[in-house]
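# What the coordinates show
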Amino acid sequence: RPRRFGKSLLISTLEAYFSGKKELFEGLKIADLEKDWIQHPVLRMDLSGKSYDSPEVLQQVFDDYLSRWEQMYGIENKYTVPGIRFSQVIEAAYIQTGRRVVILIDEYDKPIVDNLGNDELADALRRQLQGFYSVMKAKDGCIQFGFLTGVTKIGKLSIFSGLNNLKDISMDARYTDICGISE
């Protein structure tokens, strides 16, 4: 989806929906269609707003989100590898709430897009992202829904090679309005 097409607003809307915030949807069709309004644990990450000029920046962004989630779910951080920590957070959220986790990632590709002219740094960031995102396959049974926004096509970055259940809805006719594609 192109820049300035409401990707972050869509992520916020999904967060409110999966958090069971029915009152925010009063007067809309979904308020009549949804009967249960089940509250799921939501892990939301936004990779925008940073300049990824080194692998350490991405590591710090991961650490910031993971530290907050670990605190939220009472996890003692024993590891430095973001993927291991992410796995623990997903599992803890699922076990503690009894509900499958929702993962929302805005601008999933920003670290790589920032470095399209620097192949060495882009590759290092790609490996970090791949290690982080691959956790979602291993924890599939604990995940209700995952949604990622970005400006590049998922397959072009090869950071999701470990995931086999991704659906790219960018050019799917059923989602034209939500993805900003029309005549």
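First, a word on scope: everything that follows refers to the structure included in this document.

## Observations regarding the packing of helix 3 (residues 55-72) against helix 6 (residues 119-133)
Closest axis-to-axis distance for the helix 3/helix 6 pair is 9 Å, and the angle between their directions is 20 degrees. One element, helix 3, and the other, helix 6, form an angle in the roughly parallel class. Where helix 3 crosses over helix 6, the two elements pack in a sense that is right-handed. Where helix 3 approaches helix 6, its residues Pro-55, Leu-58, Gln-59, Phe-62 and Leu-66 are matched on the opposing element by Leu-121, Ala-124, Leu-125, Gln-128, Leu-129 and Phe-132. Taken together, the residues that form the contact of helix 3 with helix 6 break down as nine nonpolar, two polar and no charged.

## Some details on helix 4 (residues 82-97)
Between its first and last C-alpha, helix 4 extends 22 Å over 16 residues, near the 22 Å set by a 1.5 Å rise per residue. Of all the residues in helix 4, the buried ones are Pro-82, Gly-83, Arg-85, Phe-86, Ser-87, Val-89, Ile-90, Ala-92 and Ala-93. Summarising the contacts, the buried residues of helix 4 are in contact with strand 1 (42-46), helix 3, strand 2 (101-106), helix 6, helix 7 (135-138) and strand 3 (143-148). Looking one or two residues beyond helix 4, the residue adopting positive phi is Gly-98, at roughly 75 degrees.

## Quick word on the pattern of salt bridges
Between side chains of opposite charge, a pair can form when the charged atoms approach closely. Throughout the structure, instances matching the rule amount to seven salt bridges. Close ionic contact of Arg-85 with Glu-70 constitutes a salt bridge, the shortest N to O distance being 2.7 Å. With Arg-85 in helix 4 and Glu-70 in helix 3, this pair connects stretches of sequence that are 15 residues apart. Overall, Arg-85 belongs to the buried group, its relative accessible area being 2%. Using a relative accessible area of 3% as the deciding quantity, one classes Glu-70 as buried. In this structure, the salt-bridge partner of Lys-110 is Asp-114, at a minimum N-O distance of 2.7 Å. Asp-114 sits in the partly exposed class, given a relative accessible area of 32%. One network of salt bridges, with partners in common, ties together Asp-63, Glu-70 and Arg-85.

## Some details on helix 3
Between its first and last C-alpha, helix 3 extends 26 Å over 18 residues, near the 26 Å set by a 1.5 Å rise per residue. The inward-facing, buried residues of helix 3 contact strand 1, helix 4, helix 5 (110-113) and helix 6. Trailing helix 3 by a residue or two, Gly-74 shows a phi angle of about 65 degrees, which is positive.

## Regarding the sheet that holds strand 3
The strand order 1-2-3 describes an open sheet built from three strands, whose pairing is parallel. The sheet is open, and its two edges are formed by strand 1 and strand 3, each paired on a single side. The sheet shows a mean angle of 10 degrees between the axes of neighbouring strands, direction not considered. Pairing of strand 1 with strand 2, which is carried by five bridges, proceeds in the parallel orientation. Among the inter-strand pairings, Val-42 is bridged to a residue of strand 2, identified as Val-102. Relative to strand 2, helix 4 is tilted by about 140 degrees, and along the sheet it contacts strand 1, strand 2 and strand 3.

What counts, and at which threshold
Residues numbered from 1 in each chain as written. Predicted model: local features only at pLDDT ≥ 70, side-chain atom pairs only at ≥ 80, totals over all residues. Heavy atoms only, no water. Axes fitted to C-alpha atoms, helices over the stretch in contact; angles between N-to-C directions. Helix = DSSP H or I, 4+ residues; strand = E, 2+ residues; numbered from the N terminus. Parallel < 35°, antiparallel > 145°, perpendicular 65-115°, else oblique. Left-handed = near helix turned anticlockwise from the far one by under 90°. Contact = heavy atoms within 4.5 Å. Nonpolar A, V, L, I, M, F, W, Y, C, P; charged D, E, K, R; others polar. Expected span 1.5 Å × (residues − 1). Buried < 20%, exposed > 50% of the residue type's maximum accessible area, 1.4 Å probe, protein only. Salt bridge = Lys/Arg side-chain N within 4 Å of Asp/Glu carboxyl O. Pairing = 2+ DSSP bridges.

Keep in mind these values describe shape, not function.
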